[in-house]
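# Coordinate analysis (summary)
Spelled out, the chains give:
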Amino acid sequence: MTTAVPSPLHDPERDSQGWTPPLDVALRSARDTLAQTAATDIHDHHELIKAAASLDYVLRDLVAALDAEAAR
């Protein structure tokens, strides 16, 4: 049993980048990351963590880009 303090995958104060990519850039990045993570071995814990973090990152950018586009 570990006694480590839980740490969230995303912390807005720590992880906010202050810049939202244009929608086409965010969409291309999301597609590229999906392609890169598609072959991730589901039995490799380390690879799953890397894939989840990568997908979380591009999904947040994509949602921010969609929100920015909708606000225009």
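Everything discussed here concerns the structure shown above.
Residues numbered from 1 in each chain as written. Predicted model: local features only at pLDDT ≥ 70, side-chain atom pairs only at ≥ 80, totals over all residues. Heavy atoms only, no water.

### Section: the overall build of the chain
When you go through the chain residue by residue, the secondary structure sums to 3 helices and 0 strands. Each helix and strand of the chain, placed in order from N terminus to C terminus, yields the pattern α-α-α. Residues counted as buried form 17% of the 72 residues belonging to the chain. Put simply, 65% of the contacts in the chain that link residues at least 6 apart link residues at least 24 apart. Within the structure as shown, the chain displays about 5900 Å² of accessible surface, and the carbon and sulfur contribution to it stands at 59%. (Helix = DSSP H or I, 4+ residues; strand = E, 2+ residues; numbered from the N terminus. Buried < 20%, exposed > 50% of the residue type's maximum accessible area, 1.4 Å probe, protein only. Contact = heavy atoms within 4.5 Å. Areas by Shrake-Rupley, 256 points an atom, 1.4 Å probe, with all protein chains shown as cover.)

### Brief notes about the nonpolar core
Note on soluble globular proteins: their nonpolar side chains tend to be buried together. By size, the foremost hydrophobic cluster in this structure holds 5 residues: Ala-26, Ala-30, Val-58, Leu-62 and Ala-65. Residue assignment for this core shows that the elements contributing at least two residues are α2 (23-37) and α3 (45-71). When residues of this core are assigned to their parent elements, the largest contribution, 3 residues, is made by α3. Residue contacts for Leu-62: discarding those within four places in its chain leaves Leu-23, Ala-26, Leu-27 and Ala-30. (Core = buried A, V, L, I, M, F, W, Y, C linked by side-chain atoms within 4.5 Å.)

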